[in-house]
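# Structure at a glance
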Amino acid sequence: MKTLVFGAAVVALVHITPTVILVKRQDAVAHLLPGADQFAARELHLSSADSKELHDAVGWEPPDGVVTFYVGKHQDQTTGALIFMRVDCQHGPLELAIGFGPEGTIRGVEVTKATVEMKPWVLEALRAGLTDSYRGLANDQAPAGAAKVKPQIGAMPGYMAELIDKGVMHANAAYRLFYR
Amino acid sequence: MLYDLRHSDLRVRWLVTLLLATLGTSYLFGAWMVGLYAGFSATKVAETYGPAGEAPMAMQMPPDTTIVTERPVSMAEMGEEQHHVDMNLLVQDTHVHMPMYAVIAACLSVIALGLAIPRWAGLWIIALLFAAPWLDFAGMWLTKLVSPGFAIVTLAGGWAMALGYAIVAALAIYQMWWRKP
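Thresholds applied
Residues numbered from 1 in each chain as written. Chains lettered and ligands numbered in written order. Predicted model: local features only at pLDDT ≥ 70, side-chain atom pairs only at ≥ 80, totals over all residues. Helix = DSSP H or I, 4+ residues; strand = E, 2+ residues; numbered from the N terminus. Buried ≥ 20, exposed ≤ 12 C-beta atoms within 10 Å, placed from the backbone. Contact = placed C-beta atoms within 7 Å. Nonpolar A, V, L, I, M, F, W, Y, C, P; charged D, E, K, R; others polar. Pairing = 2+ DSSP bridges. pLDDT = per-residue confidence, 0-100. Axes fitted to C-alpha atoms, helices over the stretch in contact; angles between N-to-C directions. Parallel < 35°, antiparallel > 145°, perpendicular 65-115°, else oblique. Left-handed = near helix turned anticlockwise from the far one by under 90°. Core = buried A, V, L, I, M, F, W, Y, C linked by C-beta atoms within 7 Å. Arc of directions from axis to C-beta.

## Points about the overall build of chain A
If you tally the helices and strands in chain A, you get six helices and six strands. Counting over 180 residues, chain A shows a buried share of 42%. Restricting to contacts in chain A with at least 6 residues of sequence separation, those with at least 24 account for 62%.

Here it is as structure tokens:
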């Protein structure tokens, strides 16, 4: 009986909390692709060699081999691109929206989803100005937002900032290597 | 029979009734959630757990060279998340849900032990209760790794779960509150 109770307690403790929307995807698109009134989904089904190249670059590759960029256009002129990126950790998934300007630098980053448990940590990191440091970042530069905000925030918000850095790094590498 | 639910203390019958009611409610919401995120047809389940963004049975292997496709989308389409369970999420789901399913199957099995039914029927019900989650997750993994055709195994697991619960709940409620020889 003790084992059963212990088992049930462990199950309850390790259960990942539900996902919450921090920013609606449509709002993220409006913020990160301003002025665009036409959109296209550019799907890249990566070859093994390209997946390996991406993995060698940043230690990550899309689990199903597909990277999707959403391209924004106005009067047939590209105004930028956006990618949704998921970052997993033991507390659950985070979803980021990373927008690129037409010149290839980062226009902005939004955290669109987190879990109930992670939400206050993420919000603390965002309030400390985490995403400000990504604006204008070239696609061959490593994001360093976490290092900037860590002195002002707690340990778990700092960990969230590291995860967001990681997601931005993955998006940057995908853009640099494959966005044409 | 290890114990007899029919003649058990009122508190035990009350506990079992509330447990069954709570599990039944969570099962109803579970079915609702399945309808929202995966669907009840083999095609829908295969789309959810099979290779992402690809027609079932196609492009399970990476292409020789990277293939780029582009299609117009509306703002609304970008806002809609295509719910797809990739390998990482399936690992997480299996890790989180299998222990919970085991606890639920164990609870229902303990109730089944108190039912006035033949020994062989008890064995079958317990087997069904534990087979259901195994079928459910085996189907998801086989759909992911082998073929979208295995989505039918996940459907079978879901229906087996509902059937196991329905049998135990119906017999327990009937025997505890109506049939009292």
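## A few points about the interface of chain B and chain A
Between chain B and chain A, the contact holds 29 residues from the first and 30 residues from the second. For the side of chain B that touches chain A, the secondary-structure elements that each account for two or more residues are β1 (67-73), α3 (75-79) and α4 (87-113) of chain B. Residue classes in the side of chain B that touches chain A are distributed as 16 nonpolar, eight polar and five charged. Relative to β1(B), strand β2 (residues 38-45) of chain A runs antiparallel, the two being bridged by seven bridges. Bridging across to β1(B), A:E43 finds its partner in B:T69.

## Structural notes on the confidence of the model for chain B
Residue and element names in this part refer to chain B. Residues with a pLDDT of 70 or more make up 91% of chain B, whose mean pLDDT is 85. Across residues 53-59 the pLDDT falls below 50, and counting only partners more than four positions away or on other chains, this stretch makes 10 contacts in the model. Here the prediction assigns the complex a pTM of 0.61, and the interface score ipTM is 0.76.

## Focus on the packing of helix α1 (residues 10-37) of chain B against helix α6 (residues 151-177) of chain B
All names here are of chain B. The geometry of α1 relative to α6 is characterised by a closest axis approach of 11 Å and an angle of 155° between their N-to-C directions. Looking at the two axes, α1 sits roughly antiparallel to α6. Considering only the axes of α1 and α6, their crossing is left-handed. Only G158, A162, Y165, A169, A172, I173 and M176 of α6 make contact with α1, whose side of the interface consists of R13, V16, T17, L20, L23, G24, Y27 and V34.

## Digging into the nonpolar core
Note that soluble globular proteins tend to have their nonpolar side chains buried in a common cluster. Ranked by size, the top nonpolar core spans 50 residues in total, and within it A:L82, A:I83, A:L96, A:I98, A:A125 and A:I164 carry the most contacts. Sorting the residues of this core by element identifies α2 (25-32), β3 (66-74), β4 (77-89), β5 (92-100), β6 (106-115), α4 (119-127), α5 (145-149) and α6 (155-178) of chain A as the ones contributing at least two each. Ranked by residues supplied to this core, first place goes to α6(A) with 10 residues. Contacts of A:L82, omitting those with residues within four sequence positions, involve A:V29, A:L32, A:L33, A:Y70, A:G72, A:A97, A:I98 and A:G99. In this structure, B:L5, B:Y49, B:M140 and B:L155 belong to the second largest nonpolar core, which totals 32 residues.

## A few points about α2(A)
If you check which residues of α2(A) are buried, you get A:R25, A:A28, A:V29 and A:L32. Seen along its axis, α2(A) keeps its buried residues to an arc of 100°; they face one direction. Looking at the packing, one finds that the buried side of α2(A) touches β3, β4, β5 and β6 of chain A together with α3 of chain B.

## Considerations on the pairing of β3(A)
All names here are of chain A. By the bridge criterion, eight bridges tie β2 to β3 in an arrangement that is antiparallel. Counterpart to F39 in the pairing with β3 is G72. Counting the residues in the hairpin turn of β3 and β4 gives two residues, including Q75, whose phi is positive at 50°.

## Overview of the environment of A:L123
Residues and elements named next belong to chain A. Its place among the elements puts L123 in helix α4. A tally of 15 C-beta atoms within 10 Å means that L123 is categorised as partly exposed. Considered as a pair, L123 and P157 are 34 residues apart in the sequence and their alpha carbons are 7.9 Å apart.

## As for unusual backbone geometry
The phi angle at A:Q75 is positive, at roughly 50°, despite the residue not being glycine. Mapped onto the secondary structure, A:Q75 falls in the loop between β3 and β4.

## As for the pairing of β6(A)
Regular strands have side chains that alternate between both faces of the sheet. All names here are of chain A. Counting buried positions along β6 yields nine of 10 residues, so the element is predominantly enclosed. Relative to β6, strand β1 (residues 19-21) is paired through three bridges, and the arrangement is antiparallel. By the bridge assignment for β6, V20 is matched with A114. Two elements, β5 and β6, share six bridges in a ladder whose sense is antiparallel. Looking at the pairing, E95 lines up with K113 of β6. Connecting β5 to the next strand, β6, in antiparallel fashion are five residues, including G104 with a positive phi near 95°.

## Quick word on the sheet that holds β4(A)
Spatially, the seven strands line up as an open sheet ordered β1(A)-β6(A)-β5(A)-β4(A)-β3(A)-β2(A)-β1(B), and their pairing is antiparallel. Looking along the sheet, the strands with just one partner apiece sit at the ends: β1 of chain A together with β1 of chain B. Taking each pair of neighbouring strands and ignoring which way they run, the sheet shows an average axis angle of 25°. Along the sheet, α4(A) makes contact with β1 and β6 of chain A, crossing β6(A) at roughly 160°.

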